[in-house]
Amino acid sequence: HTLNTPGSPEGPAVGIRLGTKKRGCNGLSYTLNYAYENHLENHPRDEAMTINLSSPDMEGNGLKVFVEPMALMNVIGTEMDFLDTVMTSEFTFTNPNSKGECGCGESFNV
């Protein structure tokens with residue numbers, strides 16, 4: 001399965017790369033980037049997993065999620081979801097390791 005990434009010189013994405021970055025008023029925030037077919041050649045230390053949904057026909061089934069090595073301990077056990085409502089389209093994170101978040105929800109600490 002691939003993601004449509006118009007105009008990308010690397011072609012369609014095969015998944016996303018999840019990381020964390022020191023930022024915000026509470027320490028860390030999540031980063032998301034597209035991951036392409038040769039991702040593990042360029043980032044051999046990333047952890048990789050494949051999304052397996054209950055029905056193979058469901059959108060997103062077979063996509064890959066890569067986790068940056070420096071972020072792994074901060075995101076273990078985190079549940080990631082995608083919300084698409086009238087007001088917003090965004091990824092959400094439920095992190096059992098989080099000790100707190102800033103008021104706007106843009107950053108967290110562990």
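Definitions and cut-offs
Residues numbered from 1 in each chain as written. Predicted model: local features only at pLDDT ≥ 70, side-chain atom pairs only at ≥ 80, totals over all residues. Heavy atoms only, no water. Helix = DSSP H or I, 4+ residues; strand = E, 2+ residues; numbered from the N terminus. Buried < 20%, exposed > 50% of the residue type's maximum accessible area, 1.4 Å probe, protein only. Contact = heavy atoms within 4.5 Å. Areas by Shrake-Rupley, 256 points an atom, 1.4 Å probe, with all protein chains shown as cover. Pairing = 2+ DSSP bridges. pLDDT = per-residue confidence, 0-100. Phe/Tyr/Trp six-rings, centres within 6.5 Å; stacked < 30°, edge-to-face > 60°. Patch = residues over 30% accessible without salt bridge, like charges linked within 9 Å, V, L, I, M, F, W, Y side chains within 5 Å. Salt bridge = Lys/Arg side-chain N within 4 Å of Asp/Glu carboxyl O. Core = buried A, V, L, I, M, F, W, Y, C linked by side-chain atoms within 4.5 Å.

Trainee: Tell me what's going on with the overall build of the protein chain, and back it up with residues and numbers.
Mentor: A count of helices and strands for the protein chain gives 2 helices and 8 strands. Helices and strands appear in the protein chain in the N-to-C order β-β-α-β-β-α-β-β-β-β. Looking at the protein chain residue by residue over its 110 residues, the buried ones come to 32%. Sequence-distant contacts, at least 24 apart, represent 39% of the contacts inside the protein chain between residues at least 6 apart. By element, 52% of the accessible surface of the protein chain is carried by carbon and sulfur atoms, the whole surface being about 7,500 Å².

Trainee: For the pairing of strand E5 (residues 79-84), give the residues involved together with the corresponding values.
Mentor: Pairing analysis gives 6 bridges linking E5 to strand E6 (residues 89-94), with the strands arranged antiparallel. Considered in E6, the bridge of Phe82 is made with Phe91. In textbook terms, the turn of a hairpin is the stretch between consecutive antiparallel strands, and for E5 and E6 this stretch comprises 4 residues.

Trainee: Summarise the confidence of the model for the protein chain; cite the residues concerned and give the values.
Mentor: The predicted model of the protein chain averages 81 in pLDDT, with 79% of residues at 70 or higher. Mean pLDDT per element in the protein chain: strand E8 (residues 108-109) is the minimum at 66, and strand E4 (residues 64-67) is the maximum at 92.

Trainee: Can you explain the packing of aromatic side chains? Please cite residues and give values.
Mentor: The description of an aromatic ring pair uses the distance of the two centres, along with the angle that the planes make with each other. Going through the model one piece at a time under the given rule, you end up with 2 aromatic pairs. Geometrically, the ring pair formed by Tyr30 and Phe93 is stacked, given 3.9 Å between the ring centres and 15° between the ring planes. With Tyr30 in strand E2 (residues 28-35) and Phe93 in strand E6, this residue pair connects regions lying 63 residues apart in the sequence.

Trainee: So, a nonpolar patch on the surface: which residues are in play, and what are the values?
Mentor: A contiguous nonpolar surface patch, about 250 Å² in accessible area, is contributed by Leu32, Phe82 and Phe91. Looking at Phe82, the relative accessible area reads 43%, which means it is partly exposed.

Trainee: Explain the nonpolar core to me, using residue names and the numbers behind them.
Mentor: In this structure, Ile16, Leu18, Tyr30, Val65, Val67, Val75 and Phe93 together form the largest nonpolar core, which totals 7 residues. Elements with a contribution of two residues or more to this core: strand E1 (15-22) and E4.

Trainee: Hey, could you go over the environment of Met80 for me, with residue numbers and the actual values?
Mentor: Of note, Met80 is situated in strand E5. Judged by relative accessible area, which is 29%, Met80 ranks as partly exposed. A sequence separation of 12 residues divides Met80 from Thr92, and the C-alpha atoms of the two residues are 5.7 Å apart.

Trainee: Describe the pattern of salt bridges, listing the residues and the values that go with them.
Mentor: Overall, the coordinates contain 2 salt bridges when judged by the stated rule. The residue Arg17 makes a salt bridge to Asp46 at a minimum N-O spacing of 2.7 Å. Here Arg17, found in strand E1, pairs with Asp46, found in the loop between helix H1 (39-42) and strand E3 (47-50); they are 29 residues apart in sequence, far enough to count as distant. Here Arg17 and Asp46 have matching classes, each one buried.

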